[in-house]
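Architecture and fold: a report
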Amino acid sequence: MPSMMDARTGEVAHNDLANAIRALSMDAVERAKSGHPGMPMGMADIAVVLASRFLKFDPAQPRWADRDRLVVSNGHGSMLLYSLLYLTGYPGMTLDEVKNFRQLGSVTAGHPEYGHTEGVETTTGPLGQGIATAVGMALAERMLAARFGADLVDHHTYVLLGDGCLMEGISQEALSLAGHLKLGKLICLYDDNHISIDGDTSLTSSDDAMMRAQASGWHTMAIDGHDPDAIAAAITAAQANPRPSLISCRTTIGFGAPNKAGTAGVHGAPLGADEIAATREELGWPYPPFEVPDPILAAWRGFGARGRAVREAWDTRFAAAPEATQTAWAACHARPTAAELAPTLDAFCAKVLQDAPKWATRKASQEAIGAFAPVVPQLVGGSADLTGSNLTKVSAAQVIDADDFGGRYLHFGVREHGMAAALNGITLHGGFIGYGGTFLCFTDYARPAIRLSALMGLGVVYVMTHDSIGQGEDGPTHQPIEHLASLRAMPNLLLMRPADAVETAECWAVALADGGRPSVLVLSRQNLPTVRSGPYGDNLSARGAYVLAEAAGDRAVTILATGSEVEIALAAKAKLAERGIAAAVVSMPCWELFEDQDDAYRTAVLGTAPRVAVEAASPFGWTRYVAREADVVGMTGFGASAPGPALYQHFGITADAVADRAQAVIARG
């Protein structure tokens, strides 16, 4: 058997520690007959140095607030992370789970999944998302430190990333934002192995990644990614630098595989039995599959156990903090409940019902933010260079910048995708609820990160304004048509399109209290009347849909509407009354919340009479509630450039059109 001890130190040799990762990774991929062994084998040396010399963590308390965050942006190399979790002693990561890599019901999914596996900080796999999410984590660390001080908040965010992450466009948004904010505790270790799926990266890229990062204000270094002392020196230098750091680690993908190392063939396929046998010989690792000798495993477990004392020292500092600090900390790390938000919501809505303002719902959203912000101290957010259009900033909100992280408002720049990913990171980090705004049309730019919000069950709030042809003169490039249907198709997402200021505040209350689903607030540019009346009672929007105006007598027809078209539906009801037809109007701000209600409630709201719908968007999906798409007054093509009111007339989204459609549906029987 080879020696496991370093003759100089008497400790387990670095190579044996790294080879434990390599062996577990290639064995797990081989057993699954699926996976990516190349990255874990190539980055194993980096992982050993990071875990043994730098990473602050305690496997016994995987969600300890002041732990370092480790994000594997090149998430296809998930076996590296799972190996680390097993070797350092995370209770949920057993050897059996490693053996069940990529199998149904295991915690070792093909790509790391947040909430599925303790120790996984964020879901990665779509390349570039990890580094962009990590920017949000590093930003949240600085913001939380500004509130509570370095005694309670002082940790790094480390990122492992590959060539694909830097090829994705979101990486430039992330690099630019992090450099601008001087997020010095963000340290990225780049697996510079020159290989992508198609072959050598020279096939597709001539970029100098280091120069790109430098141009965005980053500190950069280039090292041998298999030299542990060089890796340690680079991380030490990065920790001392006030800028974010990108360390280019020249590595060999599939290190140790004598015939496949350094080739695309080792990226995303099992090595095969013969190559694994040859690799064991090459690495001097004669042990059977999934066996890590006791001295090596004990050394790894020692790295994990070492964090307990650091965490306990933090616990002691926290216990000694003033009661007011502890209370504020607890408030920032909890989601407000609907009951806690109710007094603020009730007061806001009572005032709106008294004044009956004619506000665009984007303006109503701004007013709601101003009302909720004092009672939700963890609410922070911004806009992708559309602050004056999205109305995401209230006057009391101090702007966050590289010199002062104590504020609550972020200028994200024209970086919709990077903003959405950063909001994921801010929310994942803990201590904050992130929100961000842009035009609804540009959710297309942000969609991959929004999808990850939904997949991870993060209560991020997306404030999406200029929601229809009602935005007017900017024309079809800026007028959403298919976006409502597209976002409604996404699982675990709340799409809320309020009709007035009351519904807007109600939707904000739902979004703030729901920590398990992201919310997309869809808001108008144009002014809308207050459609609710009477004394304020319950949060009706929280039920997804409700009868806004009941029919006078038995219903002959029910008109369903969302957002700015609720006003049109009410006008259509009046026109039908003139024709002797009794119509009810149902406001449906959120289909997903409506589907959460019981059958009795949904039946009572929808009724048994024929139904029509009106929404200035694609009718796709409405057949859940109406008999056929022809029963929807909406948009069947793109918009046009003209004032909003003219467009509603031009495209036939009018009270007369709704009344005529309702009468036709009744006649059809």
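This text follows the structure it describes.
Because the structure is a prediction, the values reported are computed rather than measured.

Helix and strand counts for the protein stand at 25 helices and 20 strands. Its C-alpha atoms give the protein principal-axis dimensions of roughly 95 × 55 × 45 Å. Expressed as a percentage of the 669 residues in the protein, the buried residues total 61%. Nonlocal contacts in the protein, meaning residues at least 24 apart in sequence, comprise 78% of its contacts between residues at least 6 apart. Working note: accessible area of the protein is about 24,300 Å², and carbon and sulfur atoms make up 52% of it. Between the averaged position of the 51 positive side-chain charges in the protein and that of its 72 negative side-chain charges there is a distance of 4 Å.

Another point: helix H1 (residues 14-32). Owing to its 3.6 residues per turn, the α-helix aligns residues three or four sequence positions apart on the same side. Helix length check: H1 (19 residues) gives 28 Å between terminal C-alpha atoms against 27 Å at 1.5 Å per residue, within 8%. Taking burial as the measure, the 19 residues of H1 include 17 buried ones, the bulk of the element. A positive phi of about 60° marks Lys33, the residue just after H1.

Leu139, Met143, Leu161, Leu183, Leu186 and Trp329 are the most contacted members of the largest nonpolar core, which totals 73 residues. Counting residues per element, this core draws most heavily on helix H5 (residues 129-148), at twelve residues. Leave out the neighbours within four places in its chain, and Leu161 touches Ser73, Asn74, Ile131, Leu166, Cys188, Leu189, Tyr190, Asp191 and Leu246.

The next point concerns the environment of His429. Summarising the element assignment, His429 is placed in helix H17 (residues 416-429). Looking at His429, the relative accessible area reads 5%, which means it is buried. C-alpha separation for the pair His429 and Glu141, spaced 288 residues apart in sequence, amounts to 7.6 Å. Not counting residues up to four positions away in its chain, the partners in contact with His429 are Arg69, Met137, Ala140, Glu141, Leu144 and His155.

Once that is clear, we can look at the side chain of Ser587. Following the sequence through the fold, Ser587 ends up in strand S18 (residues 583-587). A distance of 2.6 Å separates the side chain of Ser587 from the side chain of Glu503, its partner in a polar contact. In contact with Ser587, not counting residues within four places along its chain, are Ala499, Glu503, Gly544, Ala545, Tyr546, Leu548, Ala561 and Val566.

For the rest of this paragraph, the subject is the sheet that holds strand S10 (residues 409-411). Pairing in this open sheet of six strands is parallel, and the strands run S10-S9-S11-S12-S14-S13 from one edge to the other. The strands lining the two open edges of the sheet, one partner per strand, are S10 and strand S13 (494-496). On average, each strand axis in the sheet is tilted by 20° relative to the strand beside it, whichever way the strands run.

Taking 1.5 Å of rise per residue, the twelve residues of helix H7 (residues 170-181) would be expected to cover 16 Å, and the 17 Å separating its terminal C-alpha atoms lies within 8% of that figure. Of all twelve residues making up H7, nine are buried, and the element is well covered by its neighbours. Within the sequence span of H7, burial applies to Ile170, Ser171, Glu173, Ala174, Leu175, Leu177, Ala178, Gly179 and Leu181. At the exit of H7 stands Lys182, carrying a positive phi of roughly 55°.

The strand order across the open sheet built from five strands is S16-S18-S17-S19-S20, with neighbouring strands paired in mixed fashion. The open sheet has two edge strands, strand S16 (546-549) and strand S20 (632-633), and neither has a second partner. Across two bridges, strand S19 (residues 611-614) lies against S20 in parallel orientation. Looking across to S20, one finds that Val614 is bridged to Val633. Strand contacts of helix H21 (residues 565-578): S16, strand S17 (557-561), S18 and S19, with the helix running at about 160° to S17, the strand carrying the most contacts.

Our next topic: the pairing of strand S2 (residues 157-162). Here S2 lies mainly inside the structure; six of its six residues are buried. Across the two faces of S2 the burial is the same, with Thr157, Val159 and Leu161 and Tyr158, Leu160 and Gly162 all buried. As paired elements, strand S1 (residues 69-72) and S2 share four bridges and run parallel to each other. In the sheet register, Leu70 faces S2, and the bridge partner there is Tyr158. Pairing of S2 with strand S3 (residues 186-192) involves six bridges; the strand directions are parallel. Across the sheet, Thr157 pairs through a bridge with Leu186, a residue of S3.

Before going further, it helps to examine the packing of aromatic side chains. By convention here, two paired aromatic rings are described through the distance between centres and the angle between planes. Taken as a whole and judged by the stated rule, the model has 16 aromatic pairs. Summarising the aromatic geometry, the rings of Trp591 and Tyr625 are spaced 5.2 Å apart at their centres and angled 85° between planes, so their arrangement reads as edge-to-face. In this pair, Trp591 is assigned in helix H22 (residues 591-595) and Tyr625 in the loop between S19 and S20, connecting sequence segments 34 residues apart. On the basis of relative accessibility, which here comes to 4%, the residue Tyr625 falls in the buried class. Ring centres 6.3 Å apart and planes at 70° place the aromatic pair Trp622 and Tyr625 in the edge-to-face group. On the basis of relative accessibility, which here comes to 0%, the residue Trp622 falls in the buried class. Here the aromatic cluster, defined as three or more aromatic residues joined through ring pairs, consists of Trp591, Phe594, Tyr601, Trp622 and Tyr625. Its guanidinium or amino end placed over the ring of Tyr86, Arg301 lies 5.1 Å from that ring's centre, counting from NZ or CZ.

Another point: the pairing of strand S14 (residues 519-522). Of the two faces of S14, both are covered, the one formed by Ser519 and Leu521 as well as the one formed by Val520 and Val522. Relative to S14, strand S12 (residues 461-465) runs parallel, the two sharing four bridges. Residue Tyr462 lies in a different strand from S14, and its bridge partner there is Val520. In this structure, S13 lies alongside S14, joined through three bridges in parallel fashion. Pairing of Met496 across the sheet is with Leu521, part of S14. Considered for its hand, the β-α-β crossover made up of S13, helix H20 (residues 501-513) and S14 is right-handed.

The subject of this paragraph is the pattern of salt bridges. A full pass over the atoms with the stated rule returns 28 salt bridges. One salt bridge connects Lys185 with Glu141, and the closest N-O pair in it is separated by 3.6 Å. Of this pair, Lys185 sits in the loop between H7 and S3 while Glu141 sits in helix H5; the two residues are 44 residues apart in sequence, bridging distant segments of the chain. Assessed through its relative accessible area of 18%, Lys185 is described here as buried. Looking at Glu141, the relative accessible area reads 0%, which means it is buried. With a shortest N-O distance of 3.0 Å, Asp660 and Arg579 are connected by a salt bridge. Note that Asp660 is positioned in helix H25 (residues 655-668) and Arg579 in the loop between H21 and S18, a separation of 81 residues in sequence. Using a relative accessible area of 35% as the deciding quantity, one classes Arg579 as partly exposed. Taken together, the salt bridges that share partners define one network made up of Glu141, Arg142, Asp154 and Lys185.

Conventions and cut-offs
- Residues numbered from 1 in each chain as written.
- Predicted model: local features only at pLDDT ≥ 70, side-chain atom pairs only at ≥ 80, totals over all residues.
- Heavy atoms only, no water.
- Helix = DSSP H or I, 4+ residues; strand = E, 2+ residues; numbered from the N terminus.
- Buried < 20%, exposed > 50% of the residue type's maximum accessible area, 1.4 Å probe, protein only.
- Contact = heavy atoms within 4.5 Å.
- Areas by Shrake-Rupley, 256 points an atom, 1.4 Å probe, with all protein chains shown as cover.
- Lys, Arg positive; Asp, Glu negative; His and termini not counted.
- Charge placed at Lys NZ, Arg CZ, Asp CG, Glu CD.
- Expected span 1.5 Å × (residues − 1).
- Core = buried A, V, L, I, M, F, W, Y, C linked by side-chain atoms within 4.5 Å.
- Polar contact = N/O pair within 3.5 Å; in protein donor to acceptor, adjacent residues only side chain to side chain.
- Pairing = 2+ DSSP bridges.
- Axes fitted to C-alpha atoms, helices over the stretch in contact; angles between N-to-C directions.
- Phe/Tyr/Trp six-rings, centres within 6.5 Å; stacked < 30°, edge-to-face > 60°.
- Lys NZ or Arg CZ within 6 Å of the ring centre and 35° of its normal.
- Right-handed = clockwise from strand over helix to strand, strands pointing away.
- Salt bridge = Lys/Arg side-chain N within 4 Å of Asp/Glu carboxyl O.

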